[in-house]
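A structural walkthrough
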Amino acid sequence: MMPNFKLGQILKTESMQLSDEEEDYNLSLSKFESMLKTNKVLFFDSEEFEEIILHYLDTGKAALAKKALKLALDQHPKSTGLKLVQVEMLVYDDKLDIAEKLLNELYAIEPHNEEIYIQKANICSKRDQHEKAVELLKIALQYTDDYADVYNLIGMEYLFMDNLELAKESFIKCLEEDIEDQSALYNVVYCFEFLDQNQEAISYLDNYIEKNPYSEIAWHQKGRLHYGLKEYENAIRAFDYATLIDDEFLGAFMEKAKALERLERYDEAIESYNRTIELDDATSYALLRIGKCYEKLGNKVLALKFYNETVHEDPLLDKGWIAITDFYLREKNFQKALFFVNKALAIDNQNRMYWKRYASINKQMNFFEEAEFGYRKAVEFGDTELETWLFWVDILQFLGEFETAIHTLLQAGDYYPEENEIEYRLSGLYFMIHDDRKAKIHLSNALRLNFDNYILIEDLFPVVWETKMVQNYIEKHNKQ
């Protein structure tokens, strides 16, 4: 059941005062950094040192972390907690053998310390021994108070082994222990999606939302899943809840806009895309989509304005240049379309769709050699659509390149072995080069595949059509 949200009821309350723990932590950090500047050696308890070292590790300041660890071990040489931090740093530096030796020494002293098993598992994971890592983490579960963290680590190991089903189960257990663990929530949804269990994922999120209705992440993921299933109304409803909970949730506004586009609610989609621009700097993607929406609404002036803003924002976004190309194509302004498709090709000259546009535009402008080159490049980069082959061949024929046209059609025949349009063209081309034997074979094939389409011979090869031989052959076939 969905919660009854009202905007006024959704308030995120954050305390303006730091907790005592946060104040102590900040004081310890300031005190340590002051000590480094003055070269005075001050005393810190082992837990303070642990927090300082882990802070530097988390912020990527490895040199400071190592300096803090050295001072810490000088002051607390027997601290198991600090030695475990030392192990973590050794693993971070890929000094696995030294870390393992130190862990074995610690195990002899504290065999029930879950962190020893976690670090042993970390070393196994680094060595791609993921099954052994899981075994060690399951032992850690017997001694830990933080079940959520260990289940999360087990889930990650199963991900490394590509065992998505067991990974999913582990992340679900993690969330049962800590419902606010956002990384586990993302990972659960990832597993469901990878296993192609989208409906099951939605059911899981529905149950999760019952327990944690103000999780904007859960609503956002639910919306994504509905969108993937083309259930756009349900997707929009879920994204609405996500944005009500967090009115600065840029991703939810973006996804909502995409769903609104799918439902052809372009005005609302524009509003949602504009919200993303208000929340952050304008992205070329949002500007491009707004342009597309305006074009769908028939507002060509604003469409072009936003397309131009798109390429101004990101001149290397080929999709922006293609949007302008297509705009001018629809306007039948082929000169401008050609200019902009060349911009796109300058960025991505291996895109078959761009080459096909290039060919089509040149064909419209009667630049047949350029059009032939465009179709050739489109096929070279993977375009195997029948119409591409046929457009290419018809231009080759127009240019008098009969042998090349035949070779091209034979290639196309590998993709379309029983296609009458290929057979009629091959017949006509063989007649043009006076290879009557092959011409008759292909004409026979064509008439067998689709007799009524013999009009192609008349349209494409009028000289061939007028010969008595071809007329008689078609007439003879018609009587069979």
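About the thresholds
Residues numbered from 1 in each chain as written. Predicted model: local features only at pLDDT ≥ 70, side-chain atom pairs only at ≥ 80, totals over all residues. Heavy atoms only, no water. Helix = DSSP H or I, 4+ residues; strand = E, 2+ residues; numbered from the N terminus. Rg over C-alpha atoms; globule rule 2.2 N^0.38 Å. Buried < 20%, exposed > 50% of the residue type's maximum accessible area, 1.4 Å probe, protein only. Contact = heavy atoms within 4.5 Å. Areas by Shrake-Rupley, 256 points an atom, 1.4 Å probe, with all protein chains shown as cover. Lys, Arg positive; Asp, Glu negative; His and termini not counted. Charge placed at Lys NZ, Arg CZ, Asp CG, Glu CD. UniProt positions renumbered as here; feature names shortened; annotations may be inferred. Expected span 1.5 Å × (residues − 1). Polar contact = N/O pair within 3.5 Å; in protein donor to acceptor, adjacent residues only side chain to side chain. Patch = residues over 30% accessible without salt bridge, like charges linked within 9 Å, V, L, I, M, F, W, Y side chains within 5 Å. Salt bridge = Lys/Arg side-chain N within 4 Å of Asp/Glu carboxyl O. pLDDT = per-residue confidence, 0-100. Phe/Tyr/Trp six-rings, centres within 6.5 Å; stacked < 30°, edge-to-face > 60°. Lys NZ or Arg CZ within 6 Å of the ring centre and 35° of its normal.

**Focus: the overall build of the protein chain**
Scanning the protein chain for helices and strands turns up 28 helices and zero strands. For a compact globule of 480 residues, the expected C-alpha radius of gyration is about 23 Å, and the protein chain comes in at 34 Å, more than 25% above that figure. Along the three orthogonal principal directions, the C-alpha set of the protein chain runs to about 105 × 55 × 50 Å. Scored against the burial criterion, the 480 residues of the protein chain give a buried share of 45%. At a minimum sequence separation of 6, the contacts of the protein chain that also span at least 24 residues come to 49%. Carbon together with sulfur atoms contributes 48% to the accessible area of the protein chain, which is approximately 26,400 Å² in total. Both charge centroids of the protein chain, one from 54 positive and one from 89 negative side chains, sit 5 Å from each other.

**What about the environment of Phe 160?**
Inspection of the secondary structure puts Phe 160 in helix 8 (residues 147–160). Looking at Phe 160, the relative accessible area reads 48%, which means it is partly exposed. C-alpha of Phe 160 to C-alpha of Glu 114: the two residues are 46 residues apart in sequence and 22 Å apart in space. When neighbours within four sequence positions are excluded, Phe 160 is seen to be in contact with Ser 125 and His 130.

**A short note on the UniProt feature "repeat: TPR" (unreviewed entry) in the protein chain**
The sites that carry the UniProt feature "repeat: TPR" (unreviewed entry) are, in the present numbering, residues 148–181, 250–283 and 284–317. Split by type, residues 250–283 is 79% helix and 0% strand. Its first and last C-alpha atoms lie 11 Å apart. Across residues 284–317 one finds 79% helix and 0% strand; the C-alpha atoms that close the span lie 8 Å apart.

**Focus: unusual backbone geometry**
Non-glycine residue Asp 162 carries a positive phi angle of around 60°. When you line up the elements, Asp 162 lands in the loop between helix 8 and helix 9 (164–177). Among the residues examined, Asp 162 registers a relative accessible area of 62% and is labelled exposed. Of note in the backbone geometry, His 434 takes a positive phi value of approximately 65° without being a glycine. Structurally, His 434 can be placed in the loop between helix 24 (420–432) and helix 25 (436–449).

**Observations concerning helix 24**
One turn of the α-helix equals 3.6 residues, which is why residues spaced by three or four share an orientation. Counted at 1.5 Å a residue, the expected span for helix 24 with its 13 residues is 18 Å, and the 18 Å between its end C-alpha atoms agrees. Most of helix 24 sits out of view: 11 of its 13 residues are buried. Along helix 24, the residues that are buried comprise Asn 420, Ile 422, Glu 423, Tyr 424, Arg 425, Leu 426, Ser 427, Gly 428, Leu 429, Tyr 430 and Phe 431. Between the side-chain oxygen of the N-cap and the backbone nitrogen of Glu 421 there are 3.2 Å, and the N-cap of helix 24 in question is Glu 419.

**Focus on the side chain of Asn 187**
Mapped onto the elements of the fold, Asn 187 is located in helix 10 (residues 182–194). The exposure class of Asn 187 is buried, given its relative accessible area of 17%. With residues near it in sequence (within four places) discarded, Asn 187 still touches Asn 152, Met 156, Leu 159 and Phe 171.

**Observations regarding helix 13 (residues 232–245)**
Helix length check: helix 13 (14 residues) gives 20 Å between terminal C-alpha atoms against 20 Å at 1.5 Å per residue, within 8%. Of all the residues in helix 13, the buried ones are Tyr 232, Ala 235, Ile 236, Ala 238, Phe 239, Tyr 241, Ala 242, Thr 243 and Ile 245. Looking at the buried residues of helix 13, the elements they touch are helix 12 (216–228) and helix 14 (250–262).

**Let's talk about a negative patch on the surface**
There is a patch of like negative charges on the surface, built from Asp 145, Asp 146, Asp 149, Glu 176, Glu 177, Asp 178 and Glu 180. Along the chain, Asp 146 falls in the loop between helix 7 (130–143) and helix 8.

**Remarks on the environment of Val 189**
Assignment of secondary structure puts Val 189 in helix 10. Its relative accessible area of 1% is what places Val 189 among the buried residues. Separated by 159 residues in the primary sequence, Val 189 and Ser 30 place their C-alpha atoms 40 Å from one another. Contact partners of Val 189, with chain neighbours within four places excluded, come to Leu 205, Gln 221, Arg 224 and Leu 225.

**Here's the deal with the confidence of the model for the protein chain**
For any part of a model where pLDDT is low, the fine detail of the predicted coordinates should not be relied upon. Summary statistics for the protein chain give a mean pLDDT of 89 and a share of 92% for residues scoring 70 or more. Confidence drops under a pLDDT of 50 for residues 5–18, and excluding neighbours within four residues, the segment shows 16 contacts in the predicted structure.

**Some thoughts on the packing of aromatic side chains**
Throughout the structure, instances matching the rule amount to 19 aromatic pairs. Residues Trp 355 and Phe 373 carry aromatic rings whose centres are separated by 5.5 Å and whose planes lie at 85° to one another, so their mutual orientation is edge-to-face. Taken together, the positions of Trp 355 in helix 20 (residues 352–364) and Phe 373 in helix 21 (residues 368–380) put the pair 18 residues apart, joining distant regions of the chain. With centroids separated by 4.4 Å and ring planes inclined at 50°, the aromatic side chains of Phe 368 and Phe 398 adopt a geometry described as tilted. Of this pair, Phe 368 sits in helix 21 while Phe 398 sits in helix 22 (residues 386–398), and the two are 30 residues apart along the sequence. Classification of Phe 368 as partly exposed rests on a relative accessible area of 22%. Chaining the aromatic ring pairs together yields one cluster made of Tyr 307, Trp 321, Phe 327, Tyr 328, Phe 339 and Phe 340. Its end group placed over the ring of Tyr 227, Lys 258 keeps NZ or CZ at 5.6 Å from the ring centre. If you follow Lys 343 out to its NZ or CZ, it ends over the ring of Trp 321, 5.2 Å from the centre.

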